[in-house]
Amino acid sequence: MQTYLMAFVIGGLICVLGQLLMDLTPLTPAHVLVLFVVLGCVFSSLGLYQPLIDIGGAGATVPLPGFGHSLVSGTIEEVNKAGFWGIFTGAVKATAAGITAAVVFGLAIAIVFNPKGK
Amino acid sequence: MFDSKVSQTEQQQYQEKFEQLKPKTPILKNVIWAFIVGGLICMLGQFFMNYFMSLGFSNKEAAGPTSVVLIFLSALFTGLGVYDELGRLAGAGSIVPITGFANSIVADNKVLFLPRHQL
Amino acid sequence: MEGEGLLAEFYDRILKDTLDNNSSWEKCESTMMEWAIKTAVFKETSAIDDIDYVLAGDLLNQLMSTHFAIRGIGRPFLGMYGACSTLAESMLVGSTLIDGGFANKIVAAASSHHDAAERQYRFPTEQGVQRPMVSQWTVTGSGAVVISAIGNGPRITAATVGKIVDMGIKDPNAMGPAMAPAAADTLWHHFDDSGRQPNYYDMIYTGDLGSVGKALVIELFKAKGVDLSTNYEDCGCMIFSKDQDAHAGASGCASSAIVFTGYIYRLLMQQKLHKVLLVGTGSLHSTTSYQQKESIPCIAHAVAIEM
């Protein structure tokens, strides 16, 4: 139960940060989306994101900074394993499942459903 | 009322007037909803993560399949036209989780296809 | 959404959804405009071939909806772009054509479609984003008017062409506040040129400034020592009810088009209003200009209609 609670709190707080950025600055949702991935990369490379995952579990991996973290940690891992070429392959390898899922499901859903107006 | 070239002070004065009359963003309400919805999506993620870990995935390996499931759910609910209703309420709560990324991809994809004739 | 709004009883036709059996929103907008033009001509008891010119426009790139609508009309056509001021602009040019003796009968029309406009200007409709409180809701609809050299209807007695006013507002969600100075400027010059006072008119209507833009126009006039609040209303504040969650009100070409053709025109015919000033307001930015961080140039055209 403890893990669920921590996931809720950490995940919720990251979203609150995004909401405050949208409401208090001129940043649009698209900006926030990109900014959070970049922030995830930065914190991950400083070694600050893994501790957050240890505390929050999915609360830290599900929000977009978690995606940024996967990009960086994937690259580091691959560089350690495969050397220089890891810079080019690591990031995408680590996030391949998510990217493929988004593209495939995105396409499939777009074909199945009609866009809805308001 | 205005000269053809509006001076910068005039522009500034007007923009200040606009800021005064601008309707306030309900920040507290937005933040609370973002926290609750964002938290719940992450809790759902934790549920799938625990499930995948019970199948023998390591803590780290479980994150991949978890995002795949969440992305699928988000794509499905976008397809059903429900996710944007959630987004109107939750704001960042449904944008910041990986599901928001999937939502924007599906929404963008969908407009590329012409809707078929509705019967 | 419009059909559940405040003026629902005044529209000639309400569609059940935003596609109305068309395969795309843009096609739906075209059919709406074609229907509006044909109905306006029919109501005026003329045939489509009696129309010398059609002047029309909408919000989409290359006036997509208009061009496909006019394809089915088959009359000489001039495309008008004044963003949401298109109907006023078309009426202004059309009445000038008639006054100059170049035409006997013209049609002015404008349309907008919420979903088609969202997809061009903002986000896909299904992207879960929050709309800021200052934002307005693009009206789905179309309105057309027939202007004739002879007849018993209300007459266009004066018109003022606006100039572009840009107060440096960059937020494309705040179009009403961006357009308010243009509306105030055109109103000011209209009173100045015509010698008429604001109280000459029973009502002054701006196109789609919304609640915030309307308040700003009143403020701007107050600063000049003129009280406008008694006989001034904005079409964008008349379409949706509070609980329809349209935030600051309605916008789009159709905002002034459906309020004028549906509501104001009917009141003129019923002699409930005698002298009306319609001020179409348009924000002339594009998606490219927004991405290049340009501010929003705005325009307003005034047309005086008297019964």
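Because the structure is a prediction, the values reported are computed rather than measured.

This part takes up the overall build of chain B. Check the secondary structure of chain B and you find 6 helices and 0 strands. Seen through its C-alpha atoms, chain B measures out along the principal axes to roughly 70 × 40 × 25 Å. Going through the 119 residues of chain B one by one, you find that 44% of them count as buried. Taking the intrachain contacts of chain B between residues at least 6 apart in sequence as the baseline, contacts between residues at least 24 apart amount to 57%. For chain B, the accessible surface area stands at approximately 6100 Å², while carbon and sulfur atoms represent 65% of it.

The strands that make up a sheet pair up through hydrogen bonds in the backbone, lying either parallel or antiparallel. All names here are of chain C. Strands sit in the order β2-β1-β3-β5 across an open sheet of 4 strands; the sheet is mixed. Sheet topology places β2 (77-79) and β5 (141-148) at the edges, where each strand pairs with a single neighbour. Strand-to-strand twist in this sheet, taken as the mean axis angle between neighbours without regard to direction, amounts to 15 degrees. Note that strand β1 (residues 53-57) and strand β3 (residues 105-112) share 5 bridges and pair parallel. Within β3, the residue paired with Leu55 across the bridge is Ala108.

Every contact between the two is made by 48 residues of chain B and, on the other side, 49 residues of chain A. Our count for the contact surface shared by chain B and chain A stands at 1 salt bridge. One salt bridge connects Glu77 of chain A with Lys60 of chain B, and the closest N-O pair in it is separated by 3.5 Å. Remark: the boundary between chain B and chain A carries 7 residue pairs in polar contact (both at pLDDT 80 or more). Put simply, the parts of the chain that give the side of chain B that touches chain A at least two residues each are α2 (27-54), α3 (63-79), α4 (83-90), α5 (92-95) and α6 (98-110) of chain B.

Taken residue by residue, the interface counts 40 residues in chain B and 38 residues in chain C. For the chain B and chain C pair, buried surface summed over both sides reaches about 3400 Å², with 62% attributable to carbon and sulfur atoms. The tally of links between chain B and chain C comes to 1 salt bridge. A salt bridge links Arg88 of chain B to Asp245 of chain C; its shortest N-O distance comes to 2.7 Å. Where the side of chain B that touches chain C is concerned, the elements lending two or more residues are α1 (8-21), α3, α4, α5 and α6 of chain B. Looking at the side of chain B that touches chain C, the element that brings in the most residues is α1 of chain B, giving 7 residues. When its residues are assigned to classes, the side of chain B that touches chain C shows 16 nonpolar, 15 polar and 9 charged.

On to the confidence of the model for chain B, then. Model confidence for chain B is summarised by a mean pLDDT of 87, while 92% of its residues fall at 70 or above. When pLDDT is averaged over each helix and strand of chain B, the minimum, 85, is found for α6 of chain B and the maximum, 95, for α2 of chain B.

It is worth spelling out the packing of α2 of chain B against α4 of chain B at this point. Relative orientation and spacing of two packed helices are given, respectively, by the angle between their axes and the distance between those axes. Residue and element names in this part refer to chain B. Where α2 meets α4, the axes come as close as 8 Å, and the angle between the chain directions of the two elements is 135 degrees. Our classification of the angle between α2 and α4 gives oblique. Mapping the contact onto sequence places Trp33, Ala34, Val37 and Ile41 in α2 and Tyr83, Leu86, Leu89 and Ala90 in α4.

With that settled, the discussion passes to helix α3 (residues 86-99) of chain C. Residues and elements named next belong to chain C. Over its 14 residues, α3 extends 20 Å from the first C-alpha to the last, a length consistent with the 20 Å expected when each residue adds 1.5 Å. Along α3, the positions that sit buried rather than exposed are Thr86, Leu87, Ala88, Glu89, Ser90, Met91, Leu92, Gly94, Ser95, Leu97 and Ile98. At the C-terminal side of α3, Gly101 shows a positive phi close to 80 degrees.

This part is about empty space enclosed by the protein. One pass over the full model with this rule turns up 2 cavities of 30 Å³ or more. Looking at the largest cavity, its volume works out to about 110 Å³. Taken together, 13 residues make up the lining of the largest cavity; nearest its centre are Leu59, Cys84, Tyr121, Met175 and His285 of chain C. In terms of residue class, the lining of the largest cavity is made up of 7 nonpolar, 5 polar and 1 charged. A domain-level breakdown of the lining of the largest cavity finds at least three residues from each of domain 1 (2-148) and domain 2 (155-306) of chain C. The calculated volume of the second largest cavity comes to roughly 30 Å³. Together, Leu33 of chain A, Ser94, Ile95, Gly100 and Asn103 of chain B together with Gln127, Gly128 and Val129 of chain C line the second largest cavity. Broken down by secondary-structure element, the contributors of at least two residues to the lining of the second largest cavity are α5 and α6 of chain B.

Definitions and cut-offs
Residues numbered from 1 in each chain as written. Chains lettered and ligands numbered in written order. Predicted model: local features only at pLDDT ≥ 70, side-chain atom pairs only at ≥ 80, totals over all residues. Heavy atoms only, no water. Helix = DSSP H or I, 4+ residues; strand = E, 2+ residues; numbered from the N terminus. Buried < 20%, exposed > 50% of the residue type's maximum accessible area, 1.4 Å probe, protein only. Contact = heavy atoms within 4.5 Å. Areas by Shrake-Rupley, 256 points an atom, 1.4 Å probe, with all protein chains shown as cover. Pairing = 2+ DSSP bridges. Axes fitted to C-alpha atoms, helices over the stretch in contact; angles between N-to-C directions. Salt bridge = Lys/Arg side-chain N within 4 Å of Asp/Glu carboxyl O. Polar contact = N/O pair within 3.5 Å; in protein donor to acceptor, adjacent residues only side chain to side chain. Buried area = accessible area lost by both parts, 1.4 Å probe. Nonpolar A, V, L, I, M, F, W, Y, C, P; charged D, E, K, R; others polar. pLDDT = per-residue confidence, 0-100. Parallel < 35°, antiparallel > 145°, perpendicular 65-115°, else oblique. Expected span 1.5 Å × (residues − 1). 1 Å grid on protein atoms, 1.4 Å probe; cavity = no way out; pocket = protein on both sides within 12 Å on 5 of 7 lines; lining within 4 Å. Points joined across faces, edges and corners; volume = space filled by probe spheres on them. Domains from an automatic or database assignment.

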